Amino acid sequence: EDRCVAAEDDGNLFIVKRQTDAESAEERCRLEWEGVYHLGDFVNTIRRGKLNSQPLLNVNGTEVRPMDGANTMDTESSAVVESTDGAQLPQARVLFGTVHGSIGTIISISKSDFDLFKALESSIDHCVRGIGGLKHDDYRAFQNERCVTVQRNTIDGDIVESFLDLSSGDKVDV
């Protein structure tokens, strides 16, 4: 595999990727940050898997089918899937648990689905005030003693799901 999901003691999750197409051996040994996200809790377990056996669906409701030879029930490996719109993506499904009992999941989605959910997340953040006036982007920014960087290549499913709880007027605003 070329990607690794990890967590650290400042409450951050991150995804790094090997640079397999780099020219020099030294560059191929370096890991590149692909996604960063402040979870706000200490992650004590990360495992491959999924919470149910239902098929993975795109935003438009079409099923993402495994390509020939891929076993979707195999939780020990990631399958490459082909969506019905022709896009290919790794079907990485990772579960994590925190010391406070939260269970989360990290999944790969198509670029078009990511763009849609990112736009929805951003719109909700602009229209709905966070608790204490804290902006979502500020809270989810990756931060440790060496650096602070904005949330990157991740979607906060809790924010997206909160759209369902908004009033009709707020939904229109979003």
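Quick note: structure is the one above.
Worth saying up front: this structure is predicted, and the values here are computed from it rather than measured.

Trainee: Could you give me a rundown of the sheet that holds strand S8 (residues 93-98), with the residues and numbers involved?
Mentor: Ordered by their spatial adjacency, three strands build an open sheet running S4-S8-S9, and the pairing between neighbours is antiparallel. Strands with a single pairing partner mark the edges of an open sheet, and in this sheet they are strand S4 (43-48) and strand S9 (103-107). Across the sheet, the mean angle separating the axes of adjacent strands is 25° when strand polarity is ignored. As paired strands, S4 and S8 are joined by five bridges and run antiparallel to one another. Note on S8: the bridge partner recorded for Thr-45 is Gly-97.

Trainee: Report on the sheet that holds strand S1 (residues 3-8), specifying residues and quantitative values.
Mentor: Strand order in the open sheet made by the three strands is S1-S2-S3, with antiparallel pairing throughout. Of all strands in the sheet, those bounded by a partner on one side alone are S1 and strand S3 (31-38). Between one strand and the next, the sheet's axes are offset by a mean angle of 25°, whatever the strand orientation. Here strand S2 (residues 12-18) runs beside S3; their pairing, made up of seven bridges, is antiparallel. Each bridged residue has a counterpart across the sheet, and for Lys-17 the counterpart in S3 is Glu-32.

Trainee: How would you explain the packing of aromatic side chains if you had to name every residue and give the values?
Mentor: Applying the stated criterion across every chain, the model contains three aromatic pairs. Between Phe-14 and Phe-142 the ring centres are 6.3 Å apart and the planes differ by 85°, which places this aromatic pair in the edge-to-face class. Linking Phe-14 in strand S2 with Phe-142 in strand S10 (residues 142-143), this pair joins segments that are 128 residues apart in sequence. Exposure remark for Phe-142: the relative accessible area of 1% places this residue in the buried category. With a centroid separation of 5.3 Å and 75° between ring planes, the pair formed by Trp-33 and Phe-142 is classed as edge-to-face. Placement of the pair is Trp-33 in strand S3 and Phe-142 in strand S10, with a sequence separation of 109 residues. On the accessibility criterion, Trp-33 (40% relative accessible area) is partly exposed. A network of ring pairs unites the aromatic residues Phe-14, Trp-33 and Phe-142 as a single cluster. Above the plane of the ring of Phe-163 lies Lys-171, whose end atom (NZ or CZ) is 5.7 Å from the centre.

Trainee: Could you give an account of unusual backbone geometry, naming the residues involved and the relevant values?
Mentor: Here the phi dihedral of Asn-153 falls at roughly 55°; this positive angle occurs in a residue that is not glycine. Mapped onto the fold, Asn-153 is located in the loop between strand S11 (148-149) and helix H4 (157-162).

Trainee: Please provide a residue-by-residue account of the pattern of salt bridges, values included.
Mentor: Taken as a whole and assessed by the stated rule, the structure comprises six salt bridges. As a salt-bridge pair, Arg-18 and Asp-2 come within 3.1 Å of each other at their nearest N and O atoms. Separated by 16 residues along the polypeptide, Arg-18 in strand S2 and Asp-2 in the segment before S1 bring together distant segments of the chain. Judged by its relative accessible area of 30%, Asp-2 is partly exposed.

What counts and how
Residues numbered from 1 in each chain as written. Predicted model: local features only at pLDDT ≥ 70, side-chain atom pairs only at ≥ 80, totals over all residues. Heavy atoms only, no water. Pairing = 2+ DSSP bridges. Helix = DSSP H or I, 4+ residues; strand = E, 2+ residues; numbered from the N terminus. Axes fitted to C-alpha atoms, helices over the stretch in contact; angles between N-to-C directions. Phe/Tyr/Trp six-rings, centres within 6.5 Å; stacked < 30°, edge-to-face > 60°. Buried < 20%, exposed > 50% of the residue type's maximum accessible area, 1.4 Å probe, protein only. Lys NZ or Arg CZ within 6 Å of the ring centre and 35° of its normal. Salt bridge = Lys/Arg side-chain N within 4 Å of Asp/Glu carboxyl O.

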